[in-house]
Amino acid sequence: LELNDYKRNAPKVSEGFIEAAKFLKEQRIFSARDLPYTTQLIPMAVLFALLGNKTQDAVVKEKIARWYWSGVLGEMYGSANETRYANDITEVMPWIEDGKVEPDTVSRAYFNPIRLLSLQTRQSAAYKGIMALILQAGAKDFISGSKMDFIVFLDENTDIHHIFPKAYCEKQYIERTKWNSIVNKTPIFARTNRIIGGSPPSNYLKKMEEAGHVNSEQVNEFVSSHKIDVQAMRNDDFVSFFIKRAKSLLNLIGTAMGKTIAERDNDEII
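None of the values given here were measured: they were computed from a predicted structure.

Reading the values: rules and limits
- Residue indices follow the written sequence of each chain, beginning from 1 at its first position.
- Side-chain atom pairs in this predicted model are given and counted only at pLDDT of 80 or more, local residue features only at pLDDT of at least 70, and totals for whole chains, interfaces and linings cover all residues.
- Note: side-chain values were computed over all heavy atoms of the structure, leaving out hydrogens and water.
- The helix and strand labels rest on DSSP assignments: H or I over at least four residues marks a helix, E over at least two residues marks a strand, and numbering proceeds from the N terminus.
- Put simply, the radius of gyration uses C-alpha atoms, and a globule should come to 2.2 Å times the residue count raised to 0.38.
- Burial classes follow relative accessibility: with a 1.4 Å probe on protein chains only, a residue under 20% of its type's maximum area counts as buried, one over 50% as exposed, and anything between as partly exposed.
- Positive residues here are Lys and Arg, negative ones are Asp and Glu, while His and the chain termini are left out of the count.
- By convention, charge coordinates are those of NZ in Lys, CZ in Arg, CG in Asp, or CD in Glu.
- Distance thresholds for patches are 9 Å for like charges and 5 Å for nonpolar side chains (Val, Leu, Ile, Met, Phe, Trp, Tyr), applied to residues having over 30% relative accessible area and no salt bridge.
- To be clear on the numbers: accessible area is Shrake-Rupley with a 1.4 Å probe, and residue cover counts the displayed protein chains and nothing else.
- Whenever a carboxyl oxygen of Asp or Glu lies within 4 Å of a side-chain nitrogen of Lys or Arg, that contact is scored as a salt bridge.
- Expected helix span is computed as 1.5 Å times (number of residues minus one).
- Consider a residue and the seven residues that end there alongside the seven that start there; fitting an axis to each set, the bend is the angle between those axes.
- Should any heavy atoms of two residues lie within 4.5 Å, those residues are counted as being in contact.
- Take the buried Ala, Val, Leu, Ile, Met, Phe, Trp, Tyr and Cys residues and link them wherever side-chain atoms come within 4.5 Å; each set so joined is a nonpolar core.
- All axes are obtained by fitting lines to C-alpha atoms, using only the stretch in contact for helices, and the reported angles, taken between N-to-C directions, cover 0 to 180 degrees.
- Here is the rule for angles: anything less than 35 degrees is roughly parallel, anything more than 145 is roughly antiparallel, 65 through 115 is roughly perpendicular, and the remaining ranges are oblique.
- Picture the helix axis, draw a direction to every C-beta atom, and the arc is the one those directions span.
- Two N or O atoms count as a polar contact when they lie within 3.5 Å, although within protein this holds only if one can serve as hydrogen donor and the other as acceptor, and sequence-adjacent residues are included solely when both atoms are side-chain atoms.
- The aromatic pairing rule takes the rings of Phe, Tyr and Trp, using the six-membered ring of Trp, and pairs them if the centres are within 6.5 Å, calling planes under 30 degrees apart stacked, those over 60 edge-to-face and the rest tilted.

### Some thoughts on the overall build of the protein chain
In step 1: For the protein chain, the helix and strand inventory stands at 15 helices and 2 strands.
In step 2: Taking 2.2 N^0.38 as the reference for a compact globule, 270 residues should give roughly 18 Å; the C-alpha atoms of the protein chain span a radius of gyration of 20 Å, in line with that estimate.
In step 3: The C-alpha extent of the protein chain, read off along each of the three principal axes, is 65 × 40 × 30 Å.
In step 4: Looking at the protein chain residue by residue over its 270 residues, the buried ones come to 48%.
In step 5: Charged side chains of the protein chain number 35 positive and 34 negative; the gap between the two group centres comes to 3 Å.

Next comes the structure, spelled out in structure tokens:
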């Protein structure tokens, strides 16, 4: 890279990174620790630099989002990234302009439904991505009903917690691979998590209502906003809750990637 080339392009690429950060906030990725891939920021910044004001167009933004989520949920940026950087730029730009040929990152991205079971910690890009999709779908705090936007998310010390608490699941001899998977987790305010404690869902939902924090209709609305089946929670029915939430998460994933999740209704998968 020649110094003159750097000087000529640095301001534009810097602006590309700033626009990429704005885009990530729109996708409900609010902090560095919740960013699925730092590596994917590099081609994203270049795309924003090259496209300029076009990224404000809904059609263009939609394609960038599809490319982004395909990379995250297809876990395409785990290794050998330099080649993918170059390919993404040379393939995404013409795709945005004429829409004829999907970039490799979009066409090859695949999410195996069983992957939900192995997403156990936030170290995985797909784990972080799914949590952002839950926020994007309009998740509200169980008690306050506040939408988890940028300011509220940070102010309320929001973190990821179990829906059926760990202590309860262990007493019920539920498999760890299930209760500790992403299917049984969601973003919750710190204050709300303290009220949940280790109680079964039927217990802590009732406790919220009896303490006058919320009424039953509000609880139903707020919990449902996390793509959770409220009735299964009120019945402490982990199996029904688990299957329904897994399907809801697969719906979010399929919509973000712009494709149907293959074999999701296969008996063996279920």
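Following the structure, the description resumes.
### Considering a nonpolar patch on the surface
In step 1: On the surface, a cluster of nonpolar side chains totalling about 420 Å² of accessible area is made up of Leu1, Leu3 and Tyr6.
In step 2: Checked against the element boundaries, Tyr6 lands in helix H1 (residues 3–26).

### With respect to H1
Residues separated by three or four positions in an α-helix point in the same direction, a consequence of the helix having 3.6 residues per turn.
In step 1: Compared with an ideal rise of 1.5 Å per residue, which puts 24 residues at 34 Å, H1 spans 34 Å between its outermost C-alpha atoms and is within 8% of the ideal.
In step 2: Taking the largest bend as the criterion, H1 deviates by roughly 45°, centred on Asn9, and proline Pro11 comes between one and four positions later.
In step 3: Along H1, the positions that sit buried rather than exposed are Ala10, Gly16, Glu19, Ala20, Phe23 and Leu24.
In step 4: Buried residues along H1 sit in contact with helix H2 (41–51) and helix H3 (58–73).
In step 5: Looking at the residues trailing H1, positive phi occurs at Arg28, about 70°.

### Comments concerning the nonpolar core
In step 1: Of all hydrophobic cores here, the largest spans 76 residues; its most connected members are Trp67, Tyr68, Trp69, Phe111, Leu116, Ile130 and Ile253.
In step 2: Broken down by element, this core gets its largest block of residues, 10 residues, from helix H15 (residues 238–257).
In step 3: Apart from residues no more than four positions distant in its own chain, Trp69 is found in contact with Gln27, Ile29, Gly74, Gly129, Ala132, Leu133, Ala256 and Met257.

### Section: the packing of helix H7 (residues 125–136) against H15
In step 1: Relative orientation of the contacting elements H7 and H15 amounts to 90°, with a least axis distance of 10 Å. Classified by the interaxial angle, the pair formed by H7 and H15 is roughly perpendicular. Along the contact surface, H7 presents Ile130, Leu133 and Ile134, while H15 presents Arg245, Leu249, Leu252, Ile253 and Ala256.

### Some details on the pattern of salt bridges
Two side chains bearing opposite charge may form a pair once their charged atoms approach each other closely.
In step 1: Throughout the structure, instances matching the rule amount to 14 salt bridges.
In step 2: Note that Arg8 and Asp5 form a salt bridge whose closest N and O atoms lie 3.0 Å from each other. In this pair, Arg8 and Asp5 are both assigned in helix H1, 3 residues apart and thus about one turn of the helix distant.
In step 3: Residue classification places Asp5 among the partly exposed positions, given a relative accessible area of 28%.
In step 4: Close ionic contact of Glu19 with Lys22 constitutes a salt bridge, the shortest N to O distance being 3.1 Å. One end of the pair, Glu19, and the other, Lys22, are both in helix H1, 3 residues apart, so they sit about a helical turn from each other.
In step 5: Counted as one network, the salt bridges with shared partners bring together Arg33, Asp34, Arg122 and Asp159.

### Here we look at unusual backbone geometry
Keep in mind that most residues, glycine aside, have a negative phi and that most peptide bonds are trans.
In step 1: One non-glycine residue, Lys227, adopts positive backbone phi at about 60°.
In step 2: Take Lys227: it is sitting in the loop between helix H13 (216–224) and helix H14 (230–234).
In step 3: With a relative accessible area of 31%, Lys227 lands in the partly exposed category.
In step 4: A positive phi angle, close to 55°, is found at Asp236, a residue other than glycine.
In step 5: Relative to the helices and strands, Asp236 is located in the loop between H14 and H15.

### Observations regarding H13
In step 1: Those residues of H13 that fall on the buried side of the exposure criterion are Val219, Phe222 and Val223. Each buried residue of H13 lies within a common arc of 95° when the element is viewed along its axis, so the set occupies one face.
In step 2: On the buried face of H13, the contacting elements are helix H12 (201–210) and H14.
In step 3: Among the residues of H13, the N-terminal cap falls to Asn215, whose side-chain oxygen and the backbone nitrogen of Glu217 are separated by 3.1 Å.

### Some details on the packing of aromatic side chains
In step 1: Counted according to the given criterion, the structure contains 10 aromatic pairs.
In step 2: When the ring of Phe23 is compared with that of Tyr68, the centres are 6.0 Å apart and the planes differ by 90°; the resulting orientation is edge-to-face. With Phe23 in helix H1 and Tyr68 in helix H3, this residue pair connects regions lying 45 residues apart in the sequence.
In step 3: Overall, Phe23 belongs to the buried group, its relative accessible area being 3%.
In step 4: Ring geometry for Phe164 and Phe241: centres 4.9 Å apart, planes at 35°, overall tilted.

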